[in-house]
Amino acid sequence: THFGYREVPVQEKQRLVGRVFTSVARRYDLMNDLMSFGIHRLWKRHFVAVSGIRPGDCVLDLAGGTGDIAALLKPVVGDRGQIVVGDINAAMLGIGRDRLTDRGLVGGLAYAQLNAECLPFPEASFDAVTMAFGLRNVTDKDRALAEIRRVLKPGGRALILEFSRVRGELLGKLYDFHSFAVLPRLGQVFAGDADSYRYLAESIRKHPDQETLKAMMTRAGFDHVEVRNLNQGIVAIHKGFRY
Ligand code: SAM
């Protein structure tokens, strides 16, 4: 105070930092809901419902930052199961952990800050690896796929939920309009940031389509690779096994 500034006490600072991240997390959810009309919740639920993951499984949820997939997986793997939430971003991991903890989900959950391109687990560690809306952000996707396969036990499965190529001309046109006209405006109004949402639309456009990703998974050594479109291919689920 002698020098004209007020030092923020540690506790108050912790509270402030907490509030900032809470607002980021809340906005993140709001944006997801606005951009997808809330449908991302249904996509995620469907993704876990058709995953084939069973009670007692040990699952790695890659790019699991928000904790959404882990929250859905928890009742599936049950008390005997294990879920490791892995994300490259410490702040996102923290948000996910806080949310899951607030919902009383604690046991059988672990958190790891990691890069999907270089997983810090020995070979054959998991029954399943899930990745929802994460592969798009990974620079070297072939390397990430090879890593996912490496950490799977024989018989284990990889499940990828990601934006893909829309089928049908009319839906395609609507989708383009939504991506390039609506999204940046939503981003501007609700997050004060049009550029990030323009980037988002472009990253979706550049992401490999259904057949390309299927071929990449096969090349990475996965067996019985299957694709399932949701909402005419706005998003797709890719599944592949390690034998
Ligand atoms: N799976 C969550 C969901 O569906 O709500 C979060 C998806 S969010 C769009 C993408 C996440 O991928 C972010 O939390 C980001 O930090 C993470 N990510 C980006 N690149 C990554 C990488 N190379 N390895 C691991 N995580 C990564």
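The protein has the name Ubiquinone/menaquinone biosynthesis C-methyltransferase UbiE in an unreviewed UniProt entry, where Aerosticca soli is given as its organism. Comment text from UniProt for the protein, heading Function (unreviewed entry), reads "Methyltransferase required for the conversion of demethylmenaquinol (DMKH2) to menaquinol (MKH2) and the conversion of 2-polyprenyl-6-methoxy-1,4-benzoquinol (DDMQH2) to 2-polyprenyl-3-methyl-6-methoxy-1,4-benzoquinol (DMQH2)." In UniProt, the protein has this text filed under Sequence similarities (unreviewed entry): "Belongs to the class I-like SAM-binding methyltransferase superfamily. MenG/UbiE family."

Caption draft 1: Fine view of helix 4 (residues 90-102). Under the 1.5 Å per step criterion, the end-to-end length of helix 4 is 18 Å for 13 residues, consistent within 8% with the ideal 18 Å. Among all positions in helix 4, only Met92, Leu93, Ile95, Gly96 and Leu100 are buried. The arc that holds the buried residues of helix 4, viewed along the axis, is 160°, so those residues lie on one side. Opposite the packed face of helix 4, turned more than 90 degrees from it, sit the exposed residues Ala90, Thr101 and Asp102. Count one or two residues on from helix 4 and you reach Gly104, which has phi positive near 80°.

Caption draft 2: Layout of the UniProt feature "binding site: S-adenosyl-L-methionine" (unreviewed entry) in the protein. In this structure's numbering, the residues bearing the UniProt feature "binding site: S-adenosyl-L-methionine" (unreviewed entry) are Thr66, Asp87, Asn115 and Ala116. Checked against the element boundaries, Asp87 lands in strand 2 (residues 82-87). The residues contacting Asp87, other than those within four sequence positions of it, are Ala63, Gly64, Gly65, Met92, Leu93 and Gln113. Take Asn115: it is sitting in the loop between strand 3 (109-113) and strand 4 (126-132). Overall, Asn115 belongs to the partly exposed group, with 17 C-beta atoms counted inside 10 Å.

Caption draft 3: Summary view of the pairing of strand 6 (residues 223-230). The sheet contact formed by strand 6 and strand 7 (residues 235-241) spans six bridges and is antiparallel. Across the sheet, Leu230 pairs through a bridge with Val235, a residue of strand 7. Count of turn residues in the strand 6/strand 7 antiparallel hairpin: four residues, of which Asn231 carries a positive phi of about 45°.

Analysis parameters
- Residues numbered from 1 in each chain as written.
- Predicted model: local features only at pLDDT ≥ 70, side-chain atom pairs only at ≥ 80, totals over all residues.
- UniProt positions renumbered as here; feature names shortened; annotations may be inferred.
- Helix = DSSP H or I, 4+ residues; strand = E, 2+ residues; numbered from the N terminus.
- Expected span 1.5 Å × (residues − 1).
- Buried ≥ 20, exposed ≤ 12 C-beta atoms within 10 Å, placed from the backbone.
- Arc of directions from axis to C-beta.
- Contact = placed C-beta atoms within 7 Å.
- Pairing = 2+ DSSP bridges.

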